[in-house]
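# Analysis of the macromolecular model
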Amino acid sequence: MSTDTLEGTGLLVRPRPPLLGRMWRGGLQGSEWTWAIAFTVPYIALFLAFVAYPVAFGAWLGRDPSLYFELAEDPIFQRTIVNTILYVGIAVNLKMFGALLLSGFFMRRGWWVKGLLLVFVLPWAMPALPAFISIHWMLNGEWGLFNNFLFNVFGIEGPGWLDTSRWLALGAVITSHIWKWMPFWTVILLAGRMAIPQELYEAAEVDGASPAQRLIHITLPQLRPAIVVNMILITIQTMNTFDAIISLTGGGPGLATEVISLYTFNIVFRNYDLAGGSVMSALMLGISLTLALAYAAFLPTEEER
Amino acid sequence: MRASPATRLADAASYLFMLVSLAFFAAPLLWLLSLALRDRREIYLGVARFIPKHPTLDNFFYVLTNNAFPIYLWNGLKLATLSGIGVLIVALPAAYAFSRFDFRMKGAWMLALLAFQMISPLVIMVPLYRYMNWLGLVDTHFGALMVYVALGCPLACWLLKGAIDTIPRALDEAAMMDGCSRFSLFWRIIVPLAVPGIASVFIISVIAGWSQFLVPFLLLTRTDLMPIAVGVFTFQGLESSTSTQLLAAACLISVLPAIVVFLLLQRLILSAMTAGAVKG
């Protein structure tokens, strides 16, 4: 940085000519407009080439309605829809609830609370597949950590968590998914809690509000926008991720944990059925975009902030 | 002021709950370590010990001297770092524009940005592959990188806009009055002042690039191009009863860099995440 510009900052105290100020605020003019375009061109180009075009191409590939009727009659597809609703419904709500509780805990002060937060956020920073492979081994029916623990401490023979029962497998998959993704949302909600004005709590304390009352009448209403918006994001994310399922159960036992995202993956990479895959992709794209629009509708606009 | 017994009981309960969840969150990592330190026989001991009796580093040596693995590591490192740089090149000027220029429909543009943040590579898998194949970018690191960057940009742009918003506009105006052009203003004033935000976005992008699985799995079919996440997955497919400890070592090696980077730079990363979230 040259000394000129450093000295230039000294101009801050001087009033600006009013004309210049008006030009600045009103729409962009002349060279300003050119600069705005120049700054955003790389982004727009990349976006058009590697996001917008594939999305449009995908929609075009799945344009024939009869494909969807065919798909709807596929018994495997019907199973995956039921599984997806179970998986997404349970995982999203547990994740949100857990993140809400934990974010409250992490508002506490103290070095060890900060240390705990680090451990909590670790799963988010870890690459998903190796982490889930480890959980896969923990739940191994014969020599896994979990069953050995049950046997040594309580003398119970643990079941085969991943390969015997539908509900155990589903539970294991959901728990692992939560393990990986709840930390991220905890941090997001923690930020939301930090943004709540402290005076509200102080006033409530003066009025003699109990902790439960403070939660219901201050924290939850204040967090409501964040919760609504994040619920939609979490739903989209949960629907689109299958890394826990593919490493833990691979969709089994039978089709018990085969969800729509994993089914799409399998159609493409196991059956090499590109036509079927593009129909599934287009379907998921439609659901994602619908949810994304709902998300956009709930976001506060620039003025409301 | 002493806390009432009820409050202290509630405190104790929540600390206990924390300890249990601590175990829940840290256990998979420790279990990986425990498996990676065993030899083949110890994996199947009827009563597995958490701490192996004869810990050995052989698995790590084996994996790191194996032909494919160092290449996977190198590819993963290369793709992650370059995608972090690419994200900055694309998202930083755009974030500046979003922060400083009052163009029409700015709110709508920002929303579109966020909406596309949610496009998962999964839902555009087939068109993406066919399109990249047509472009001749399948089995090139360049093609995979472009997709990494496109996927990473929305979040990065959002976080960077938050960082640039905190730099006072008066600074821009003063520099412009001194005859500083838009670009030199951006390059000489905004970028140096936004360095903490830029650094954290870079780290977040590199960690995300390191964990990418679906995109490289789709676009890179040659073994010598695969990054580590795909390599580990392929290795799992070949897993036999005799190689569990090796796969564990491979997994640990692929997880460690992300953890080390995260722990070293946690303050930066967490503050960027919370700052962006408050605004978004």
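As the structure is a computational prediction, the values presented were derived from the model and not from experiment.

### Notes on the overall build of chain B
A tally of regular secondary structure across chain B gives 14 helices and zero strands. When the helices and strands of chain B are listed from N to C terminus, the series reads α-α-α-α-α-α-α-α-α-α-α-α-α-α. In chain B, which comprises 280 residues, the share counted as buried stands at 55%. Contacts in chain B between residues at least 24 apart in sequence constitute 72% of all its contacts with a sequence separation of at least 6. Accessible area of chain B: about 12,300 Å², with a carbon and sulfur share of 70%.

### Overview of the interface of chain A and chain B
Residue-level contacts link 97 residues of chain A with 105 residues of chain B. Buried surface at the junction of chain A and chain B, summed over both partners, amounts to about 9,400 Å²; 81% is from carbon and sulfur atoms. The largest per-residue losses of area from chain A upon contact with chain B belong to A:Phe39, A:Tyr43 and A:Phe50, which jointly make up 9% of the total buried on that side. The tally of links from chain A across to chain B stands at three residue pairs in polar contact (both at pLDDT 80 or more).

### Quick notes on the packing of helix α10 (residues 195-211) of chain B against helix α13 (residues 244-264) of chain B
Residue and element names in this part refer to chain B. Taken N-terminus to C-terminus, the directions of α10 and α13 make an angle of 170 degrees; their axes are 10 Å apart at the nearest point. By the angle between their directions, the pair α10 and α13 is classed as roughly antiparallel. Counting all contacts with α10, which are made through Ile203, Ile207 and Trp210, the residues of α13 involved are Ser254, Pro257, Ala258, Val261 and Phe262.

### Some thoughts on the nonpolar core
Of all hydrophobic cores here, the largest spans 188 residues; its most connected members are A:Phe106, A:Trp124, A:Trp137, B:Met132 and B:Phe262. Top element by residues in this core is helix α4 (residues 68-100) of chain B. It accounts for 15 residues. Setting aside its immediate chain neighbours within four residues, B:Phe262 contacts A:Leu118, A:Val121, A:Leu122, A:Trp124, A:Ala125, B:Ile207 and B:Ile269.

### A few points about the pattern of salt bridges
Counting across every chain of the model gives four salt bridges over all chains. With its nearest N and O atoms 3.6 Å apart, the salt bridge here joins A:Arg214 to A:Glu205. For B:Arg100, the salt bridge goes to B:Asp172, with nearest N and O atoms at 2.9 Å. Separated by 72 residues along the polypeptide, B:Arg100 in helix α4 and B:Asp172 in helix α8 (residues 169-177) bring together distant segments of the chain. Each member of the pair, B:Arg100 as well as B:Asp172, carries the same accessibility label: buried.

### A short note on empty space enclosed by the protein
On inspection of all chains with the given rule, the structure shows one cavity of 30 Å³ or more. A volume near 80 Å³ is recorded for the largest cavity. As for the largest cavity, its lining consists of A:Tyr43, A:Leu46, A:Phe47, A:Val51, B:Val90, B:Phe116, B:Ile119, B:Ala150, B:Leu151, B:Cys153 and B:Pro154. The set of elements that each furnish at least two residues to the lining of the largest cavity consists of α3 (31-61) of chain A together with α7 (141-165) of chain B.

### Regarding the environment of B:Gln117
Residues and elements named next belong to chain B. Mapping Gln117 onto the fold places it in helix α5 (residues 106-117). Accessibility expressed as a relative area gives 28% for Gln117, which makes it partly exposed. Sequence-wise, Gln117 and Pro154 are 37 residues apart; in three dimensions their C-alpha atoms are separated by 5.4 Å. Once residues within four sequence positions are removed from consideration, Gln117 is found in contact with Pro154 and Leu155.

### A few points about the packing of aromatic side chains
All names here are of chain A. Under the criterion given, the structure shown has 27 aromatic pairs over all chains. Ring centres 6.4 Å apart and planes at 25 degrees place the aromatic pair Phe57 and Trp60 in the stacked group. Linking Phe57 with Trp60, this pair stays in helix α3, spanning three residues, or about one helical turn. Taking relative accessible area as the criterion, Phe57 reaches 15% and is therefore assigned buried. With a relative accessible area of 49%, Trp60 lands in the partly exposed category. Relative to Phe269, the ring of Phe265 lies with its centre 4.7 Å away and its plane at 45 degrees, an arrangement referred to as tilted.

### Examining the side chain of A:Ser247
With respect to the secondary-structure elements, A:Ser247 resides in helix α12 (residues 243-248). Within polar-contact distance, the side chain of A:Ser247 engages the backbone oxygen of A:Asp243 at 2.7 Å. Look past the residues within four positions of A:Ser247 in its chain and what remains in contact with it is A:Leu129, A:Phe132, A:Ile133, A:His136 and B:Gln236.

### Describing the confidence of the model for chain A
Detailed reading of the predicted coordinates is not advisable wherever pLDDT is low. Residues and elements named next belong to chain A. Of the residues in chain A, 88% have a pLDDT of 70 or more, and the chain-wide mean is 79. Across chain A, the element-wise mean pLDDT spans from 38 in helix α1 (residues 3-8) up to 89 in helix α5 (residues 75-105). Residue range residues 1-26 is modelled with pLDDT below 50. Its contacts to residues more than four positions away, or to other chains, number 28 contacts.

### Brief notes about the confidence of the model for chain B
All names here are of chain B. Residues at a pLDDT of 70 or more form 90% of chain B, whose mean pLDDT is 81. Considering each helix and strand of chain B separately, the mean pLDDT is smallest for helix α14 (residues 266-279), with a value of 68, and largest for α4, with 91. The complex prediction reports pTM at 0.79, with the ipTM value standing at 0.78.

### Some remarks on a nonpolar patch on the surface
Residues A:Phe149, A:Val153, A:Phe154 and A:Ile156 make up a contiguous nonpolar surface patch of roughly 410 Å² in combined accessible area. Here A:Phe149 is to be found in helix α8 (residues 145-154).

### Section: the environment of B:Met146
Mapping B:Met146 onto the fold places it in helix α7. As for B:Met146 and B:Asp11, which are separated by 135 residues in sequence, their C-alpha atoms are 49 Å apart. In contact with B:Met146, other than residues within four places in its own chain, are A:Leu46 and A:Phe50.

### Structural notes on the state of the cysteines
Residues and elements named next belong to chain B. Enumeration according to the criterion identifies zero disulfides over all chains in this entry. In this structure Cys153 is a free cysteine whose sulfur lies 7.2 Å from that of Cys157, the closest cysteine sulfur available. Take Cys153: its relative accessible area is 1%, and that puts it in the buried class.

### A look at the packing of α4(B) against α10(B)
All names here are of chain B. With their axes 8 Å apart at the nearest point, α4 and α10 run at an angle of 140 degrees to one another. Relative to α10, α4 is oriented oblique. The chirality of how α4 crosses α10 is right-handed. Contacts from Leu73, Gly76, Leu77, Ala80, Thr81, Ser83, Gly84, Ile85, Val87, Leu88 and Leu92 in α4 reach Ile198, Val201, Phe202, Ser205, Val206, Gly209 and Trp210 in α10. When grouped by side-chain class, the residues that make up the contact of α4 with α10 number 12 nonpolar, six polar and no charged.

Definitions and cut-offs
Residues numbered from 1 in each chain as written. Chains lettered and ligands numbered in written order. Predicted model: local features only at pLDDT ≥ 70, side-chain atom pairs only at ≥ 80, totals over all residues. Heavy atoms only, no water. Helix = DSSP H or I, 4+ residues; strand = E, 2+ residues; numbered from the N terminus. Buried < 20%, exposed > 50% of the residue type's maximum accessible area, 1.4 Å probe, protein only. Contact = heavy atoms within 4.5 Å. Areas by Shrake-Rupley, 256 points an atom, 1.4 Å probe, with all protein chains shown as cover. Buried area = accessible area lost by both parts, 1.4 Å probe. Polar contact = N/O pair within 3.5 Å; in protein donor to acceptor, adjacent residues only side chain to side chain. Axes fitted to C-alpha atoms, helices over the stretch in contact; angles between N-to-C directions. Parallel < 35°, antiparallel > 145°, perpendicular 65-115°, else oblique. Core = buried A, V, L, I, M, F, W, Y, C linked by side-chain atoms within 4.5 Å. Salt bridge = Lys/Arg side-chain N within 4 Å of Asp/Glu carboxyl O. 1 Å grid on protein atoms, 1.4 Å probe; cavity = no way out; pocket = protein on both sides within 12 Å on 5 of 7 lines; lining within 4 Å. Points joined across faces, edges and corners; volume = space filled by probe spheres on them. Phe/Tyr/Trp six-rings, centres within 6.5 Å; stacked < 30°, edge-to-face > 60°. pLDDT = per-residue confidence, 0-100. Patch = residues over 30% accessible without salt bridge, like charges linked within 9 Å, V, L, I, M, F, W, Y side chains within 5 Å. Disulfide = S-S within 2.5 Å. Left-handed = near helix turned anticlockwise from the far one by under 90°. Nonpolar A, V, L, I, M, F, W, Y, C, P; charged D, E, K, R; others polar.

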